[in-house]
Amino acid sequence: MIRNPAKMDEITTIGVVGAGQMGAGIAQLAAVNGLNVWLLDSDPNSLTRATKTIANSLQRLASKGQLSQAVISDALKRLHCTTSLKDFHSADIVIEAIAESEVAKKNLFVELDKTTKSSAILASNTSSISITRLASVTSRPSQVIGMHFMNPPPIMKLVEIIRGADTSDETFSATKTLAERFGKTVVCSKDYSGFIVNRILMPMINEAFFTLYTGVATKEDIDAGMKLGTNQPMGPLELADFIGLDVCLSILKVLHGGLGDVKYAPCPLLAQYVDAGRLGRKSGVGVYDYRDAPKSTKHAARL
């Protein structure tokens, strides 16, 4: 059944599912730009950390003269945390930012379809999974869309918008306008595995792992070569650590399965690191060891 999705001028409340780095960043953007925000996570401790992260991020922006204390105060008043989907009853759009698992996302979309109002848009921050397949488990496929933010969302300027097979023009227009309200540049992709950014980025990261795996060069020389030779702010192996090696592996598996080309097959070394729990910065060790690195050392990257 095709319903009438929320229009941009009717979007006043947003639900964000997942209080990790991506979800917290999206919630921050929405609150700063005047929306009432409900940030949901099943773990109360994650919500506490997310609230602290958002407050600290806003204060850093204030120290740079980019936000006033009044704007910060108003934004934090608009931010609400919850562990219950019932609090999304008034949401005009919900953006999920949970783990990159098709099964988990489908299960969530089934519940969102049941609990949100019929006009609500359901958006996914997935970096590789089919929007059409996510929409298929709902009764509103015309109101399901991909809204892929880069990491960290408050800093990175890009949002990828992906239309599923049945996404309506109204849903696309409202989502694009919302991203632009957040100050983002929008690029549009058809619903094929990996979309634009990851379809190009992940094979580069994978090839960097193959270069390390086959002994062509050290990790330091691979990253230095790509940074200085192609003017990238981070080398591909360092970037993989920032993103999370498990996330990179998951996306490559989606690309390999969805596109059926052996060139997307994950490097065995990447898979081995993930099996060993070497996930990158978030676990303390990945390609590089961060266990003794200053916690303030961070980079802008994408997810």
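Residues numbered from 1 in each chain as written. Predicted model: local features only at pLDDT ≥ 70, side-chain atom pairs only at ≥ 80, totals over all residues. Heavy atoms only, no water.

Novice: For this particular structure, what's the right way to read the UniProt feature "binding site: NAD(+)" (unreviewed entry) in the chain?
Specialist: Sites flagged by UniProt as "binding site: NAD(+)" (unreviewed entry) map to Gly 18, Ala 19, Gly 20, Gln 21, Met 22, Gly 23, Asp 41, Glu 100, Lys 105, Ser 127, Asn 151 and Lys 282. With respect to the helices and strands, Glu 100 occurs in the loop between strand E4 (93–96) and helix H4 (102–115). You can call Glu 100 buried: its relative accessible area is 18%. Not counting the four nearest positions on each side in its chain, Glu 100 is found in contact with Lys 105, Thr 126, Ser 127, Ser 128, Ile 129 and Ser 250. (UniProt positions renumbered as here; feature names shortened; annotations may be inferred. Helix = DSSP H or I, 4+ residues; strand = E, 2+ residues; numbered from the N terminus. Buried < 20%, exposed > 50% of the residue type's maximum accessible area, 1.4 Å probe, protein only. Contact = heavy atoms within 4.5 Å.)

Novice: Before we go on, may I ask you to explain unusual backbone geometry in this structure?
Specialist: Cis geometry marks the peptide bond from Asn 151 to Pro 152; its omega dihedral reads 0°. Within the secondary structure, Pro 152 is located in the loop between strand E6 (144–149) and strand E7 (158–163). A positive phi angle, near 55°, is found at Phe 195, a position not held by glycine. Mapping Phe 195 onto the fold places it in the loop between strand E8 (185–189) and helix H7 (197–213). According to the relative accessible area criterion, Phe 195 is buried, its value standing at 5%.

Novice: Help me understand the UniProt feature "domain: 3-hydroxyacyl-CoA dehydrogenase NAD binding" (unreviewed entry) in the chain in this model?
Specialist: Following the UniProt record, one finds the feature "domain: 3-hydroxyacyl-CoA dehydrogenase NAD binding" (unreviewed entry) at residues 13–191. In the segment residues 13–191, helix accounts for 41% and strand for 22%; the C-alpha atoms at its two ends are 27 Å apart.

Novice: Explain the packing of aromatic side chains here, please?
Specialist: Summed over the entire model, instances satisfying the criterion amount to three aromatic pairs. Between the aromatic rings of Phe 149 and Phe 182, the centroid separation amounts to 6.4 Å while the plane-to-plane angle is 35°, which identifies the pairing as tilted. Of this pair, Phe 149 sits in strand E6 while Phe 182 sits in the loop between helix H6 (169–181) and E8, and the two are 33 residues apart along the sequence. You can call Phe 182 buried: its relative accessible area is 6%. (Phe/Tyr/Trp six-rings, centres within 6.5 Å; stacked < 30°, edge-to-face > 60°.)

Novice: Please clarify how the packing of helix H1 (residues 21–32) against helix H2 (residues 44–63) should be interpreted in this entry.
Specialist: A pair of packed helices is captured by two measures, namely the crossing angle of their axes and the spacing between those axes. The geometry of H1 relative to H2 is characterised by a closest axis approach of 10 Å and an angle of 55° between their N-to-C directions. Between H1 and H2, the crossing angle belongs to the class labelled oblique. Considering how the two elements wind past one another, H1 and H2 form a crossing that is right-handed. For the pair H1 and H2, contact is made by Ala 24, Ala 27, Gln 28 and Val 32 and by Ala 50, Ile 54, Ser 57, Leu 58 and Leu 61, respectively. For the contact of H1 with H2, the per-class residue count stands at seven nonpolar, two polar and no charged. (Axes fitted to C-alpha atoms, helices over the stretch in contact; angles between N-to-C directions. Parallel < 35°, antiparallel > 145°, perpendicular 65-115°, else oblique. Left-handed = near helix turned anticlockwise from the far one by under 90°. Nonpolar A, V, L, I, M, F, W, Y, C, P; charged D, E, K, R; others polar.)

Novice: Where do I start with the sheet that holds E7 in this structure?
Specialist: Sheet strands associate in pairs through backbone hydrogen bonding, adopting either a parallel or an antiparallel arrangement. Strand order in the open sheet formed by eight strands is E3-E2-E1-E4-E5-E6-E7-E8, and the pairing between neighbours is mixed. Two strands close off the open sheet at either side, each with one partner strand: strand E3 (79–82) and E8. Sheet twist, expressed as the mean angle between neighbouring strand axes with direction ignored, is 25°. Here E7 pairs with E8 via five bridges, running parallel. Looking at E8, one finds that Val 159 is bridged to Val 186. Taken strand by strand, H1 contacts strand E1 (13–17), strand E2 (36–40), E3, E4 and E6, and its axis lies near 170° from that of E2. (Pairing = 2+ DSSP bridges.)

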